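Letter by letter, the chains look like this.
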Amino acid sequence: MRVIICGAGQVGYGIAERLAAEHNDVSVIDTSADLIERIHDTLDVRGFVGHGSQPDVLAAAGADEADMIIAVTLYDEVNMVACQVAHSLFNVPTKIARIRAQSYLQPHYQDLFSREHMPIDVVISPELEVGEMVLRRIALPGAMDVLRFADDKVVVLAIECLEECPVINTPLAQLSDLFPDLPSTVVGVVRNDQLFIPHSTDQLIAGDLAYVVTTREQVRRTLALFGHEKPEATRILIAGGGNIGLYVAKTIEERQPRTKMKIIEADRNRAMAIADQLHRTMVLHGSALDQALLREADIQDADLMVALTNQDQVNILASIMAKRLGCKANLALINDPAYQGFTRTVGIDAHINPRTVTISRVLQHVRRGRIRAVQSVHRGLAEVIEAEALETSPLVGPPMRELDLPDGLRIGAIYRDGKVLKPDGSMRIKPKDRVVLLATSEAVRHVEQMFRVSLEFF
């Protein structure tokens, strides 16, 4: 696949890294010569210095033969124009743009990005995507990550195995025997920072991070089985009243009227503006690192601190400070991958990486075959994929125990006719089944092949 990426920042670099590793033909455009030099030196891609919205730059990057353009620069208008030029002058089939300003995304402007006006096939709003992920984490305390698939009927949880975890040191096959009515399957394990696909004879040990596929109805029971029976937060302090913080607060006001919230915002004008948009949330002006202000916000009585400022260092320090002042739990937004490796050791209960969220949305449209959803996990070491089985798929027909699946793949659930089925050796996958699985980065290509239409089908 020939792909042009406009923007060589963290998101653009991350997308280029993933696509280049899969041997796609990738060109990256950015106005910064330093960023282009860095990406050119470290990745097997072509780099071009210039504006991604200018026709001559797109032409030099090979737009006339490109299958896709992904515009993720810092500027919405550049992203939109780049897609428009790619469509009008080069007829690029698939156009993806990151749009951050919420004014472009209002429901009454939904026709703006149609083919007749500004032809963008996929609009990605990082603030909305990250905001929804924050809300999922808040709703399910105890889970390190929460991913939803198959019309929200299938949930993938990342659960830390603590010393007192009831399921450690027990072969996974025995767990199925002990809890036959629990539709939960362990599809991946991170141990010593290495991710692997477990076999039925493997055991979980303390310190593992287990990726577990289950149904929406059995999420809390699954968390309890792993020793994470925590009540939902009803007193929440949010640090940062930007687009994400405001979205989270407004949504909680709508969905959870009994939850009490407070927001700390450093910019006075922004604090006044968001106070006008919120009805039951107290807005405090000041720094989230001010201990006196945290005490004024009753941090010692809070169930959760959610740090959503634009600065990683502030989010990390505010979260640590909140815990030491009595807050029960914290959740931090962290952009820089360098900080994410030691969050647990310094007292961060959970963190969210906005870059991973955006990359996952892009990969959903890059993947070949009947791929319905993709979520990148654990710094891109694996992907959770929802794909539709076709009549020509090698998965269809034989019992699952007879399928020749690659080592780096495990099926966690089958979604059929509105029902979630737990896979077992005797089950047969049928056409139109939606399969939720975890695949290591090395096995992703095999997944694409299994869910593509064979030429013999025509």
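Residues numbered from 1 in each chain as written. Predicted model: local features only at pLDDT ≥ 70, side-chain atom pairs only at ≥ 80, totals over all residues. Heavy atoms only, no water.

Re the overall build of the chain
Thinking step 1. Assigned secondary structure in the chain consists of 14 helices and 22 strands.
Thinking step 2. Scaling as 2.2 N^0.38, a compact globule of 458 residues should have a C-alpha radius of gyration of about 23 Å, and the chain matches this with 23 Å.
Thinking step 3. Projected onto its principal axes, the C-alpha coordinates of the chain cover approximately 65 × 60 × 45 Å.
Thinking step 4. Burial statistics for the chain: of 458 residues in total, 54% are counted as buried.
Thinking step 5. Surface summary for the chain: the accessible area is close to 21000 Å², and the carbon and sulfur share equals 49%. (Helix = DSSP H or I, 4+ residues; strand = E, 2+ residues; numbered from the N terminus. Rg over C-alpha atoms; globule rule 2.2 N^0.38 Å. Buried < 20%, exposed > 50% of the residue type's maximum accessible area, 1.4 Å probe, protein only. Areas by Shrake-Rupley, 256 points an atom, 1.4 Å probe, with all protein chains shown as cover.)

Remarks on the pattern of salt bridges
Thinking step 1. Tallied over the full model, the rule gives 22 salt bridges.
Thinking step 2. A salt bridge links Glu65 to Arg2, with the shortest nitrogen-to-oxygen separation between them at 3.7 Å. A residue pair is termed long-range when its members are at least 10 positions apart, and Glu65 in the loop between helix 3 (55–60) and strand 4 (68–71) and Arg2 in strand 1 (residues 2–6) qualify at 63 residues.
Thinking step 3. Using a relative accessible area of 40% as the deciding quantity, one classes Arg2 as partly exposed.
Thinking step 4. One salt bridge connects Arg46 with Asp25, and the closest N-O pair in it is separated by 3.6 Å. With Arg46 in strand 3 (residues 46–49) and Asp25 in strand 2 (residues 25–30), this pair connects stretches of sequence that are 21 residues apart.
Thinking step 5. Under the relative-accessibility criterion, Asp25 is labelled partly exposed at 32%.
Thinking step 6. Taken together, the shared-partner salt bridges in this structure form one network comprising Arg2, Asp25, Arg46 and Glu65. (Salt bridge = Lys/Arg side-chain N within 4 Å of Asp/Glu carboxyl O.)

Things to note about the UniProt feature "domain: RCK C-terminal" (unreviewed entry) in the chain
Thinking step 1. Within this structure's numbering, the places UniProt gives as "domain: RCK C-terminal" (unreviewed entry) are residues 144–228 and 372–453.
Thinking step 2. For residues 144–228, the end-to-end C-alpha separation is 11 Å, with 16% helix and 34% strand making up the annotated structure. (UniProt positions renumbered as here; feature names shortened; annotations may be inferred.)

So, the packing of helix 5 (residues 126–139) against helix 13 (residues 354–366)
Thinking step 1. Interhelical geometry of helix 5 versus helix 13 gives an angle of 110° and a closest axis separation of 9 Å. Between helix 5 and helix 13, the angle is such that the two are roughly perpendicular. Between helix 5 and helix 13 lies a crossing of right-handed hand. Only Pro354, Val357, Thr358 and Arg361 of helix 13 make contact with helix 5, whose side of the interface consists of Pro126, Glu129, Val130 and Met133. (Axes fitted to C-alpha atoms, helices over the stretch in contact; angles between N-to-C directions. Parallel < 35°, antiparallel > 145°, perpendicular 65-115°, else oblique. Left-handed = near helix turned anticlockwise from the far one by under 90°. Contact = heavy atoms within 4.5 Å.)

Regarding the layout of surface pockets
Thinking step 1. Its boundaries defined by the atoms lining it, the largest pocket holds a volume of some 1000 Å³.
Thinking step 2. Looking at the lining of the largest pocket, the elements with two or more residues in it are helix 1 (10–21), strand 2, helix 5, helix 8 (243–255), strand 13 (260–265) and helix 13.
Thinking step 3. For the lining of the largest pocket, the residue count by class is 21 nonpolar, 21 polar and 7 charged. (1 Å grid on protein atoms, 1.4 Å probe; cavity = no way out; pocket = protein on both sides within 12 Å on 5 of 7 lines; lining within 4 Å. Points joined across faces, edges and corners; volume = space filled by probe spheres on them. Nonpolar A, V, L, I, M, F, W, Y, C, P; charged D, E, K, R; others polar.)

Quick word on the sheet that holds strand 2
Thinking step 1. Read from one edge to the other, the open sheet built from 6 strands follows the order 3-2-1-4-5-6, with strand pairing classed as parallel. Every interior strand has two partners, whereas the edge strands, strand 3 and strand 6 (122–124), have only one. Here the average twist between neighbouring strands, direction ignored, is 15°.
Thinking step 2. Across 4 bridges, the pairing between strand 2 and strand 3 is parallel. For Asp30, the partnering residue across the bridge sits in strand 3 and is Val49.
Thinking step 3. Across the face of the sheet, helix 4 (residues 76–90) comes into contact with strand 1, strand 4 and strand 5 (94–98) while running at roughly 170° to strand 5.
Thinking step 4. Running at roughly 170° to strand 6, helix 13 makes contact with strand 4, strand 5 and strand 6 of the sheet. (Pairing = 2+ DSSP bridges.)

Points about the pairing of strand 5
Thinking step 1. Burial analysis of strand 5 places 4 of its 5 residues in the buried class, which makes it a mostly covered element.
Thinking step 2. For strand 4 and strand 5, the ladder comprises 4 bridges, and the chain directions are parallel. Across the sheet, the residue bridging to Ile70 is Ile96, located in strand 5.
Thinking step 3. Chirality of the crossover, the property in question, places the unit of strand 4, helix 4 and strand 5 among those that are right-handed.
Thinking step 4. In the sheet, strand 5 pairs with strand 6 via 3 bridges, with the strands oriented parallel. By the bridge assignment for strand 6, Ala97 is matched with Val123. (Right-handed = clockwise from strand over helix to strand, strands pointing away.)

Regarding the UniProt feature "domain: RCK N-terminal" (unreviewed entry) in the chain
Thinking step 1. With numbering aligned to this structure, UniProt lists the feature "domain: RCK N-terminal" (unreviewed entry) at residues 1–124 and 233–352.
Thinking step 2. Annotated as 35% helix and 22% strand, the span residues 1–124 places its first and last C-alpha atoms 21 Å apart.
Thinking step 3. The span residues 233–352 is 38% helical and 22% strand by assignment, and the distance between its end C-alpha atoms comes to 18 Å.

Observations regarding helix 4
Thinking step 1. The end-to-end C-alpha separation of helix 4 is 21 Å, in line with the 21 Å expected for 15 residues at 1.5 Å each.
Thinking step 2. Asp76, Asn79, Met80, Ala82, Cys83, Val85, Ala86, His87 and Phe90 are the residues of helix 4 that are buried.
Thinking step 3. Looking at the buried side of helix 4, the elements it contacts are strand 1, helix 3, strand 4 and strand 5.
Thinking step 4. One or two residues past the end of helix 4 sits Asn91, with phi positive at roughly 55°. (Expected span 1.5 Å × (residues − 1).)

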